[in-house]
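For reference, the chains in residue letters:
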Amino acid sequence: MDNRPIGVFDSGLGGLTAVRELQRLLPGEDIIYFGDTGRVPYGGRSKDTIIRYARQDVAFLRTFDLKAIVIACGTVSTTALDVLTAENDIPVWGVVEPAARAAAQATRNGKVGLIGTQATIRSGAYERRIAQGAPQIRVMAAACPLFVPLVENGRFRRGDIVAETVVGEYLEPFRTAGVDTLVLGCTHYPLLTEIIGDYMGPEVTLIDVGRTCADAVARHLTDMDALSGPGRTGESRYYVSDSAEDFSRLASVFLRRDVEESVTQVDIWKY
Ligand code: DGL
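What counts and how
- Residues numbered from 1 in each chain as written.
- Predicted model: local features only at pLDDT ≥ 70, side-chain atom pairs only at ≥ 80, totals over all residues.
- Heavy atoms only, no water.
- Near = heavy atom within 4 Å.
- Polar contact = N/O pair within 3.5 Å; in protein donor to acceptor, adjacent residues only side chain to side chain.
- Areas by Shrake-Rupley, 256 points an atom, 1.4 Å probe, with all protein chains shown as cover.
- Nonpolar A, V, L, I, M, F, W, Y, C, P; charged D, E, K, R; others polar.
- Axes fitted to C-alpha atoms, helices over the stretch in contact; angles between N-to-C directions.
- Helix = DSSP H or I, 4+ residues; strand = E, 2+ residues; numbered from the N terminus.
- Parallel < 35°, antiparallel > 145°, perpendicular 65-115°, else oblique.
- Left-handed = near helix turned anticlockwise from the far one by under 90°.
- Contact = heavy atoms within 4.5 Å.
- Buried < 20%, exposed > 50% of the residue type's maximum accessible area, 1.4 Å probe, protein only.
- 1 Å grid on protein atoms, 1.4 Å probe; cavity = no way out; pocket = protein on both sides within 12 Å on 5 of 7 lines; lining within 4 Å.
- Points joined across faces, edges and corners; volume = space filled by probe spheres on them.
- Pairing = 2+ DSSP bridges.

> How should I be thinking about the site of the ligand in this particular structure?
The full set close to the ligand counts 14 residues, and Ser11, Tyr42, Gly43, Gly74 and Thr75 are the nearest of them. A distance of 2.9 Å is found between a nitrogen atom of the ligand and a side-chain nitrogen or oxygen belonging to Asp10. Separating a nitrogen atom of the ligand from a side-chain N or O atom of His188 is a distance of 2.8 Å. Calculation on the ligand without its partners gives an accessible area of 300 Å², and the protein chains cover 99% of this total. Here the shell around the ligand is built from residues that sort into six nonpolar, seven polar and one charged.

> Help me understand the packing of helix H8 (residues 161-177) against helix H9 (residues 193-200), please; the structure alone is not making it clear to me.
Axes are the key here: two packed helices are described by the angle between their axes and the distance separating the axes. In the contact formed by H8 and H9, the axes pass within 10 Å of each other and the chain directions differ by 45°. Considering their axes alone, H8 and H9 lie oblique with respect to each other. You can see that H8 and H9 cross each other, and the crossing is right-handed. Residues Ala163, Glu164, Val167, Gly168, Leu171, Glu172, Phe174 and Arg175 of H8 form the contact with H9, whose participating residues are Ile195, Ile196, Tyr199 and Met200. Along the lines of polarity and charge, the residues of the contact of H8 with H9 split into eight nonpolar, one polar and three charged.

> Help me out: how do you make sense of the environment of Val183 in this one?
Residue placement: Val183 occurs in strand S7 (residues 181-184). Judged by relative accessible area, which is 1%, Val183 ranks as buried. Taking the C-alpha atoms as reference points, Val183 and Ser11, separated by 172 residues in sequence, lie 19 Å from one another. Apart from residues lying up to four places away in sequence, Val183 is in contact with Ala99, Ala103, Val112, Gly113, Leu114, Ile115, Tyr126, Ile207 and Val209.

> Got a minute to help me understand the layout of surface pockets in this structure?
By volume, the largest pocket is sized at about 590 Å³. Lining the largest pocket are 28 residues, and of these Ser77, Leu81, Asp82, Val96 and Ala125 sit closest to its centre. With seven residues, the top contributor of residues to the lining of the largest pocket is helix H3 (residues 74-87). Here the residues of the lining of the largest pocket sort into twelve nonpolar, seven polar and nine charged. Empty space within the second largest pocket amounts to approximately 410 Å³. Along the walls of the second largest pocket sit 18 residues, with Arg20, Pro190, Leu191, Thr193 and Arg256 positioned nearest its centre. Looking at the lining of the second largest pocket, the elements with two or more residues in it are helix H1 (16-25), H9, strand S8 (205-208), helix H10 (209-223) and helix H11 (244-255).

> Is there a simple way to explain helix H4 (residues 96-106) in this structure?
A turn of α-helix holds 3.6 residues, and therefore any two residues three or four places apart point the same way. Within H4, burial applies to Val96, Pro98, Ala99, Ala100, Ala102, Ala103 and Ala106. Of the surrounding secondary structure, the elements contacted by the buried residues of H4 are H3, strand S5 (111-116), helix H6 (125-133), S7, S8 and H10.

> Explanation requested: unusual backbone geometry in the structure shown.
Backbone phi values are negative for most residues with the exception of glycine, while trans is the configuration of most peptide bonds. In the segment running from Val40 into Pro41, the intervening peptide bond is cis, with an omega of 5°. Along the chain, Pro41 turns up in the loop between strand S2 (31-35) and helix H2 (47-61). One non-glycine residue, Asp225, adopts positive backbone phi at about 55°. Here Asp225 shows up in the loop between H10 and strand S9 (236-240). Given the relative accessible area of 56%, Asp225 is considered exposed.

> Which parts of the structure should I look at to understand the packing of H4 against H6?
Between H4 and H6, the shortest axis-to-axis distance is 9 Å and the interhelical angle comes to 55°. Our classification of the angle between H4 and H6 gives oblique. For the pair H4 and H6, the crossing hand works out as right-handed. Along the contact surface, H4 presents Val96, Glu97, Ala99, Ala100 and Arg101, while H6 presents Ala125, Tyr126, Arg129 and Ile130.

> Whenever I open this one, the sheet that holds strand S6 (residues 138-143) confuses me. Can you help?
As a general point, the strands of a sheet are linked pairwise by backbone hydrogen bonds and lie either parallel or antiparallel. As summarised here, the arrangement of the four strands in space is S6-S5-S7-S8, forming an open sheet in which the pairing is parallel. Looking at which strands have only one partner, the edges of the open sheet turn out to be S6 and S8. Recorded for the sheet is a direction-independent mean angle of 20° between the axes of neighbouring strands. With six bridges joining them, S5 and S6 adopt parallel strand pairing. Bridge pairing in S6 places Lys111 opposite Arg138. Its contacts with the sheet place H4 against S5, S7 and S8, and it is angled at close to 165° to S8. Each of S5, S6 and S7 touches H6; the most contacted strand, S6, lies at about 170° to it.

Here is the structure:
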């Protein structure tokens, strides 16, 4: 048993798709979330900058006595997981491993699509992980840099002509290639699930990396006997590097409920 909180972070709001799932699966766990809303997006930045920012995010989270850290960000998971794992004496989990496994299990025709930020696609992390376990699977990958700003600006609902046009343009090659599984390799993308699902069709399985990561974290903590004590109700606290007010308004969309918990702004450059 371990009553310490789980630290979760993302470049912005996308990681909340993983938090929602963690809260559903593990209602007894305390969660400390940091969203680097002042510096989002990370996805178009260099590897060095992403690692520097991720180290600061983790340094802030480690001011709390945590039992584990969840990198609820595709960009940081694909670019800085090794560094963060080596530098921390508590488990650090990212989104790649569980999503790659889920994609390999889901595909029937061996054609898997991967969409993510430029940094995620540049890393080749999914291709490497899938090739280890299932070298026969072909991975087709493309960056979708306009998806994060669309989502952060609330432009993700069915009928939004801009979002639908951008989705069609990015995903047309995947539909033509006949992928039967598409990894939404960025934690912002699940908000576009309806539009992406409509475009790709019902026979294509969409892998939500925040959700598969949360499932894996729940299993790890159970296996390690590191869940919080029985009968507890977990609490979540949110920290951001930009305005707390803006966060609460948009976060409710990601969490699909009002954010009543405390949201605090921090100066991330201090860490
Ligand atoms: N949520 C981040 C990810 O999963 C994307 C946003 C960004 O570019 O910072 O990759």
